[in-house]
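# Analysis of the macromolecular model
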Amino acid sequence: MSLTSDPPIDKETSPPPDAAADVDYSSLKVVPVRHPWRWAAVAVTAVLLVQFAHGLATNPGWEWEVFAEFFTADVILKAVWVTLQLTFYGTALGFALGVVLAFMRLSASPFLKSVAFAYIWAFRSIPLIVQLLFWFNLAYLYKELQFGIPFGPGFFSFDTMGLVGAMSAAVLGLALHQAAYAAEIVRAGVLAVDGGQLEAAAALGIPRLRQIRRIVLPQAMRSILPNAANEVISLFKGTSIVSVMAIGELFYQVQVVYGRNGRVVPLLLVATAWYILLTTALSVLQHYVERHFSKGATR
């Protein structure tokens, strides 16, 4: 008597076990999966792209001859160089200070953690344009800066007006603003490293500084680099905000030129093209740096 609910098998009518091997599958018709809406989306997108390209080529309002005239003009090339300088100094100083702030937040000292947290909170809360204008008007608050004994006599001093000019104020503002974001990026990368590796390194007697330099940072760079590259690119484009301080960076010079000749659209295209080219170069550099630090982690 069967203990299951399955119907009994008729041994006379059931096919043999190897009957499936004798079936001829070549007579079966294979029908591919159809995606009509996907093809419709492709067609609409292609039409829109062709229309956009046609408008760029045929619309006289773009004034491509003016674009070609000013794209490599001396005043534009000098402005591009100023933009690159602002980006380099802001990035270098910002990340140098950001690393210090990150390890202050990771330290066991409540005082250092509180100071780093307060700095990051303040500089992420205040808009960048406000910070730039504050540093630009620093001489209004402090006529001179003295160096000496704290709360005591000063040994030598500097005139603030001559020390902090427009370019110095821009670099200072960009670097201090960037440091707040860089600190959180570096801290997140360090926390991503498995703490067991530090315990093993400490058990082997490796000094603390060498643990950070040889074990933590090389692994943390894989987490730090993508976010850090985004911040550098954002800073590169964000240098246009220093135009409020009349510094001759790319966007400011473009404004000056089209303020004189009235060719607004082609001059904006000049700035756009330079931003795209340099951002692309930074993205390519990011790719190779990430590939260098990913050795041993990818197969």
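Residues numbered from 1 in each chain as written. Predicted model: local features only at pLDDT ≥ 70, side-chain atom pairs only at ≥ 80, totals over all residues. Heavy atoms only, no water.

Turning to the overall build of the protein, a few remarks are in order. Scanning the protein from N- to C-terminus turns up 12 helices and 2 strands. Reading the protein from its N end, one meets helices and strands in the order α-α-α-α-α-α-β-β-α-α-α-α-α-α. Out of the 299 residues belonging to the protein, those deemed buried represent 29%. Contacts spanning at least 24 positions in sequence make up 71% of the contacts within the protein whose residues lie at least 6 apart. Accessible surface, the protein: about 20100 Å² in total, of which carbon and sulfur atoms supply 66%. (Helix = DSSP H or I, 4+ residues; strand = E, 2+ residues; numbered from the N terminus. Buried < 20%, exposed > 50% of the residue type's maximum accessible area, 1.4 Å probe, protein only. Contact = heavy atoms within 4.5 Å. Areas by Shrake-Rupley, 256 points an atom, 1.4 Å probe, with all protein chains shown as cover.)

This paragraph deals with the layout of surface pockets. Taken as a whole, the largest pocket spans an internal volume of roughly 630 Å³. Along the wall of the largest pocket there are 25 residues; nearest its centre are Thr91, Phe95, Ala228, Val232 and Leu285. The set of elements that each furnish at least two residues to the lining of the largest pocket consists of helix H3 (74-106), helix H10 (208-238) and helix H12 (264-293). Here the residues of the lining of the largest pocket sort into 21 nonpolar, 4 polar and no charged. There is about 210 Å³ of room inside the second largest pocket. As for the second largest pocket, its lining consists of Phe103, Leu106, Ser107, Val190, Leu191, Val193, Asp194, Gly195, Leu198, Arg208, Ile212 and Val216. (1 Å grid on protein atoms, 1.4 Å probe; cavity = no way out; pocket = protein on both sides within 12 Å on 5 of 7 lines; lining within 4 Å. Points joined across faces, edges and corners; volume = space filled by probe spheres on them. Nonpolar A, V, L, I, M, F, W, Y, C, P; charged D, E, K, R; others polar.)

Our next topic: the nonpolar core. Leu86, Leu101, Tyr119, Leu174 and Val242 are the most contacted members of the largest nonpolar core, which totals 25 residues. Mapped by element, the contributors of at least two residues to this core are H3, helix H4 (110-125), helix H5 (128-136) and helix H8 (166-191). With 8 residues, the top contributor of residues to this core is H8. Among residues more than four places away in sequence, those in contact with Val242 are Leu86, Leu132, Ala170, Leu174, Ile247 and Glu249. Listed in part, the 21 residues of the second largest apolar core include Ala79, Phe236, Leu250 and Leu267. (Core = buried A, V, L, I, M, F, W, Y, C linked by side-chain atoms within 4.5 Å.)

A full pass over the atoms with the stated rule returns 3 salt bridges. Note that Arg105 and Glu184 form a salt bridge whose closest N and O atoms lie 3.0 Å from each other. Here Arg105, found in helix H3, pairs with Glu184, found in helix H8; they are 79 residues apart in sequence, far enough to count as distant. The exposure class of Arg105 is partly exposed, given its relative accessible area of 21%. Where Glu184 meets Arg187, a salt bridge forms, and the shortest distance between an N and an O atom there is 3.0 Å. With a gap of 3 residues between them, Glu184 and Arg187 both fall in helix H8, about one helical turn apart. (Salt bridge = Lys/Arg side-chain N within 4 Å of Asp/Glu carboxyl O.)

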